[in-house]
Amino acid sequence: MPRLPILVVVLVMLVCGGCSKDELKKAYNDAKAKTENIATSTKEKVDSAVSSTVTAIEETLPETGSISVRGSVPIEKTSKASLEVISIGDGRPNVVQILSYDPQQPQMTFPAVLLQGPTEATSAQTLAGKSVECDLYFQADANGPIIMNKPGGHVAVTFNQFSAEEGTITASIAGGDVISSDEQTAQFLGGELIALVRE
């Protein structure tokens, strides 16, 4: 039996012996009021603890990143961005890869951006201050064409500040000559990004 109902029953039993009906009713109402006060106080404490926990979690969640690109039409900013320096081995250069979506998920989120290029850097920290010539692939929505750099061409991604505390790196993307998979005229005017570093 829960503790609070036991308290009510005990109080009622204690006052039952030799009490008038009015005294019994008053004792019952007093016990009921105390029980309600305890329940209210407990609920407030639980609500406060839950609120504090949610706030603490939100404050410690990592930055999800974003990529903003500019073109001949308005383009929405991506809701996330991640960066990884991939070691190829066999004496070949590493590859820096920046994604605005999770390749492990069956559904791609849009707009979708992929930037990929060779680098001598071994980590995100060592990318700061360097520029990497990247292949660009961009799709504004699920039914839209894919924009990419022309064969043999690249876009320069210049990395700025790495934040060890946030686990992020910022960069600017230069504009470049691009083609569209629907064979329509396309423009890529560059952009900016902040990416969550994946180890």
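Residues numbered from 1 in each chain as written. Predicted model: local features only at pLDDT ≥ 70, side-chain atom pairs only at ≥ 80, totals over all residues. Heavy atoms only, no water.

A. Region of interest: the overall build of the protein chain. Looking only at helices and strands, the protein chain has two helices and 10 strands in total. The buried share among the 199 residues of the protein chain stands at 30%. About 12,700 Å² of surface is accessible on the protein chain, with carbon and sulfur atoms providing 54% of the total. (Helix = DSSP H or I, 4+ residues; strand = E, 2+ residues; numbered from the N terminus. Buried < 20%, exposed > 50% of the residue type's maximum accessible area, 1.4 Å probe, protein only. Areas by Shrake-Rupley, 256 points an atom, 1.4 Å probe, with all protein chains shown as cover.)

B. Representation of the pattern of salt bridges. Per the counting criterion, the structure on display carries three salt bridges. A salt bridge links R70 to E192; its shortest N-O distance comes to 2.9 Å. Highlighted residues: R70 in strand β1 (residues 66–71) and E192 in strand β10 (residues 188–197), separated in sequence by 122 residues. Look at R70 and you get partly exposed, because its relative accessible area is 38%. A salt bridge links D90 to R92, with the shortest nitrogen-to-oxygen separation between them at 3.8 Å. You can call D90 exposed: its relative accessible area is 73%. (Salt bridge = Lys/Arg side-chain N within 4 Å of Asp/Glu carboxyl O.)

C. Looking closely at the nonpolar core. The biggest cluster of nonpolar side chains holds 30 residues, and the ones touching the most others in it are L83, L115, L127, F159 and I173. For this core, the secondary-structure elements that each account for two or more residues are β1, β2 (82–86), β3 (94–99), β4 (112–119), β5 (131–139), β7 (155–163), β8 (168–173) and β10. The residues contacting L115, other than those within four sequence positions of it, are V96, Q97, I98, C134, D135, L136, V155, V157, I173 and L193. (Core = buried A, V, L, I, M, F, W, Y, C linked by side-chain atoms within 4.5 Å. Contact = heavy atoms within 4.5 Å.)

D. A look at the layout of surface pockets. By volume, the largest pocket is sized at about 270 Å³. Lining the largest pocket are 17 residues, with S72, V73, P145, I147 and A186 sitting closest to its centre. Approximately 150 Å³ is the volume found for the second largest pocket. Taken together, T64, K80, A81, S82, L99, S100, Y101, D102, P103, L196 and R198 form the lining of the second largest pocket. Taken together, the residues of the lining of the second largest pocket sort by class into five nonpolar, three polar and three charged. (1 Å grid on protein atoms, 1.4 Å probe; cavity = no way out; pocket = protein on both sides within 12 Å on 5 of 7 lines; lining within 4 Å. Points joined across faces, edges and corners; volume = space filled by probe spheres on them. Nonpolar A, V, L, I, M, F, W, Y, C, P; charged D, E, K, R; others polar.)

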